[in-house]
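Residues per chain, in single letters:
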Amino acid sequence: MAKKKSRFIELADLLEKEFAKRPVGAPAITLNELVRRFRISPGTAKRILLELQLRGIIYSRIGAGSFIAPVQRRKLILIVYDLYSALENADTFNTSFLVRALICCNLQYPQYTIASMDFSDFMQNYEVLETIHPQLKDVVLLRSILPYRKAVERLRQIGIVCAFYGSSTWLRNLHDLDYLIYNEKTIMETLLGVLRERGCTTPGFVGDLSSPVFQERLRIFQKSAIRFGMNYSSRFVINTNHTALDDKNRLRRYFCDVDSIIATDDAKACQLCHLATKLGFSVPDEIAITGINNIPNLELFSDPGITTIALDSGTDADRLIGLLIKRIEYGEAFQTESAIQLIRRGSA
């Protein structure tokens, strides 16, 4: 019995036939028009637009909308990431990467185009990707690798280049894959160096340790703190996946035990800064706090502003697209690290 097509695929098929009758460059359809016409959710409408872009039926111009693509399809670089998690968590990291990758291709490599796909759709369709779009040249996996090794090997067998962009946490799983990674050891040592410069000797670590990336950051933190001559104890670590930050007495004792904190991300650092101030601790004089990721405009919500590490996914997108196209056209493999930037503000 043939597997029933999903709703968004059925609608994409319908629109493909409809758009075939329209001239090249004509407006296609907007997300809001899709929602109203088919009475579907914005998430489903977005999947339909991504599917049509993947097929080469439409193309997008930032700020202008979607248009009917010419029959001559451009070479495609497919970027695969966790779309729904990014939407749910308002994750700007992936969005910044996608937008800059698209701009880079449009301005510097017009023979290429960018499309994106959710990980779940990728795993369902990777065996027929080259049939869906014969001009597919490269697949980039954003920030996750482990469940997708089988798919990567299959695509590489048929000549499609695969690359990874994300944390060095996954380095042991990349093998001979092309990659651009941000080095977690460099991140942690940079932040510990800032704290040591301030004379801090007892750093703490706070974050949701259900994440493999944050687990890696803790592992590096433990080793590096000892190597830096700092005091380390497991009681200086708070796993917010198990322990909420709403117990004032416990939190007050914690702030007395440590003289500085590295949070796994800027949002957590901002929360800690607020809680420490509320409990009567002076930041950074009594307790210095740092974060990671440089969330845009976060300094507007934290006083003092958070000292952090900037992971610039937009700049990295420009660099990675250039490396990929050299790989595709000249066979130049690459395995390299992203540049990170320390942003010093008032919290440390």
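So, here is what we can say about the structure in this document. (Residues numbered from 1 in each chain as written. Predicted model: local features only at pLDDT ≥ 70, side-chain atom pairs only at ≥ 80, totals over all residues. Heavy atoms only, no water.)

**Digging into the pattern of salt bridges**
Under the criterion given, the structure shown has 13 salt bridges. A salt bridge links arginine 47 to aspartate 121, with the nearest nitrogen and oxygen atoms 2.4 Å apart. Of the two residues, arginine 47 is situated in helix α3 (residues 42-54) and aspartate 121 in helix α6 (residues 119-125); the sequence distance between them amounts to 74 residues. The exposure class assigned to aspartate 121 is buried, which follows from its relative accessible area of 8%. Glutamate 197 is the partner of arginine 344 in a salt bridge, and the nearest nitrogen-oxygen pair spans 3.2 Å. Within this pair, whereas arginine 344 is found in the segment after β14 (341-343), its partner glutamate 197 is found in helix α9 (residues 184-197), the two being separated by 147 residues in sequence. Residue arginine 344 is classed as partly exposed on the basis of its relative accessible area of 45%. Using a relative accessible area of 61% as the deciding quantity, one classes glutamate 197 as exposed. Taken together, the salt bridges that share partners define one network made up of Arg149, Glu153, Arg156 and Asp176. (Salt bridge = Lys/Arg side-chain N within 4 Å of Asp/Glu carboxyl O. Helix = DSSP H or I, 4+ residues; strand = E, 2+ residues; numbered from the N terminus. Buried < 20%, exposed > 50% of the residue type's maximum accessible area, 1.4 Å probe, protein only.)

**Quick look at the sheet that holds strand β13 (residues 335-337)**
The six strands are arranged β4-β3-β5-β6-β7-β13 in an open sheet whose pairing can be described as parallel. Edge positions in the open sheet fall to β4 (112-118) and β13, since each of these has one partner strand only. Here the average twist between neighbouring strands, direction ignored, is 20°. In terms of strand pairing, strand β5 (residues 136-142) meets strand β6 (residues 161-167) through five bridges, oriented parallel. Its bridge partner being in β6, valine 140 is matched across the sheet by alanine 163. In the packing of helix α13 (residues 313-330) onto the sheet, the strands contacted are β3 (75-81), β4, β5, β6, β7 (178-182) and β13, and the crossing angle to β6 comes to about 160°. (Pairing = 2+ DSSP bridges. Axes fitted to C-alpha atoms, helices over the stretch in contact; angles between N-to-C directions. Contact = heavy atoms within 4.5 Å.)

**Regarding the side chain of serine 224**
Tracing the sequence through the fold places serine 224 in helix α10 (residues 212-227). In this view, serine 224 contacts Glu189 and Leu192; residues no more than four positions away in its chain are not counted.

**Description of the packing of helix α1 (residues 7-19) against α3**
Where α1 contacts α3, the two axes come as close as 9 Å, and the packing angle between them is 50°. By the criterion of interaxial angle, the relationship of α1 to α3 is oblique. The element α1 and its partner α3 pack so that their crossing is right-handed. Within the contact between the two elements, α1 uses Phe8, Ile9, Leu11, Ala12, Leu15, Glu16 and Phe19 and α3 uses Thr44, Arg47, Ile48, Glu51 and Leu52. Across the contact of α1 with α3, the residue classes break down as eight nonpolar, one polar and three charged. (Parallel < 35°, antiparallel > 145°, perpendicular 65-115°, else oblique. Left-handed = near helix turned anticlockwise from the far one by under 90°. Nonpolar A, V, L, I, M, F, W, Y, C, P; charged D, E, K, R; others polar.)

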